[in-house]
Amino acid sequence: MKFFIDTANLDQIREAQNLGVLDGVTTNPSLMAKEGITGRKNILQHYIDICDIVDGDVSAEVIAVDFEGMVNEGEELAALHSQIVVKLPMIKEGIKAAKYFSDKGIRTNVTLVFSAGQALLAAKAGATYVSPFIGRLDDISTDGLGLIAEIRQIYDNYGYETQILAASVRHTMHVIDCAKIGADVMTGPLSSIEGLLKHPLTDIGLAKFLEDYKKGN
Ligand code: G3P
């Protein structure tokens, strides 16, 4: 299972990269705005800065909602760096753009996916990744993990190669449950990755080992 970090914060990206388990980064316009990155030039430079920190895929989202605009923006983003994956919204024009980019060998991530039908369309359009937002479904009393399981089954039935990128992951149990279901990738905050480290018995056990070592040395 690949681990992506869902942030535009360079310090957090560096921290996850230094842990040695990071496979990529996802961003969106809200995450960029949260870091105060505004203006086309600064946004493009920020994507390059992220690519310089990590080894894996970096999703960069288009703002246009029409096919031509998405194609222009997506081509500009893809040309920035070989690690860039063009992130497209799950709307009719986004699906057309996913097919266009897939035919050109440009990788895509279809985002804002909330149903199995949407995920099926993204796979048929040849998307590299599909991003179902599990946390936002949970927020409205709908089973986010259930959607991951449905998509897994559908993709496996037909051998679709589109990778299921479980997004809007909020905590460690989302990560673990996604791994059990067989999501290909999860993207979440740094806390959802670092939280996996924690177990009180590990801390107690280590303290005892060190104490016993000190007694004999
Ligand atoms: O990857 C999607 C993500 O950015 C949305 O997460 O926590 O805003 O629902 P959240």
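Because the structure is a prediction, the values reported are computed rather than measured.

Novice: Break down the site of the ligand for me, with residues and values.
Specialist: Near the ligand the following residues occur: D6, N28, F133, R136, A167, S168, R170 and T187. The separation between an oxygen atom of the ligand and a polar side-chain atom of D6 is 2.7 Å. For the ligand, an oxygen atom lies 2.9 Å from a polar atom in the side chain of R170. Protein contact buries 81% of the 310 Å² of open area that the ligand shows by itself. Among the residues forming the shell around the ligand, the class breakdown is two nonpolar, three polar and three charged.

Novice: Would you mind going over helix α11 (residues 200-216) in detail, with residue names and values included?
Specialist: Here α11 contains 17 residues, and its C-alpha end-to-end distance of 25 Å stays within 8% of the 24 Å for a straight helix at 1.5 Å per residue. Of all 17 residues in α11, zero are buried, a share of ten percent or less.

Novice: Tell me about the packing of aromatic side chains, and name the residues and values.
Specialist: Under the definition given, this model contains six aromatic pairs. Centroid distance F67 to Y100: 5.9 Å. Interplanar angle 90°. Geometry classified as edge-to-face. Within this pair, whereas F67 is found in helix α4 (residues 67-80), its partner Y100 is found in helix α5 (residues 92-104), the two being separated by 33 residues in sequence. Judged by its relative accessible area of 29%, F67 is partly exposed.

Quick notes on the rules
The written sequence of each chain sets the order in which its residues are numbered from 1. In keeping with the model being predicted, local features are shown solely for residues with a pLDDT of at least 70 and side-chain atom pairs are shown and tallied solely at 80 or more, while totals for entire chains, interfaces and linings include all residues. By convention in this description, side-chain values take in all heavy atoms of the structure and omit both hydrogens and water. Nearness here has a simple test: a residue counts as near a molecule or strand if at least one of its heavy atoms is within 4 Å of that partner. In protein, a polar contact requires one atom able to donate a hydrogen and another able to accept it; more generally it is a pair of N or O atoms within 3.5 Å, and residues adjacent in sequence count only if both atoms are side-chain atoms. Each accessible area is a Shrake-Rupley result for a 1.4 Å probe, and residues are judged covered by the shown protein chains and nothing else. Polarity classes work like this: nonpolar for Ala, Val, Leu, Ile, Met, Phe, Trp, Tyr, Cys and Pro, charged for Asp, Glu, Lys and Arg, and polar for all others, with Gly in that last group. Secondary structure elements follow DSSP: runs of H or I of four or more residues count as helices, runs of E of two or more count as strands, with numbering from the N terminus. Multiply 1.5 Å by the residue count of a helix minus one, and that product is the helix's expected span. Note on classification: 1.4 Å probe, protein chains only; a residue is buried when its accessible area is under 20% of the maximum for its type, exposed when over 50%, partly exposed between these limits. Any Phe, Tyr or Trp ring, taking Trp's six-membered ring, that has another such ring centre within 6.5 Å forms a pair; planes under 30 degrees apart are called stacked, those over 60 apart edge-to-face, and the others tilted.

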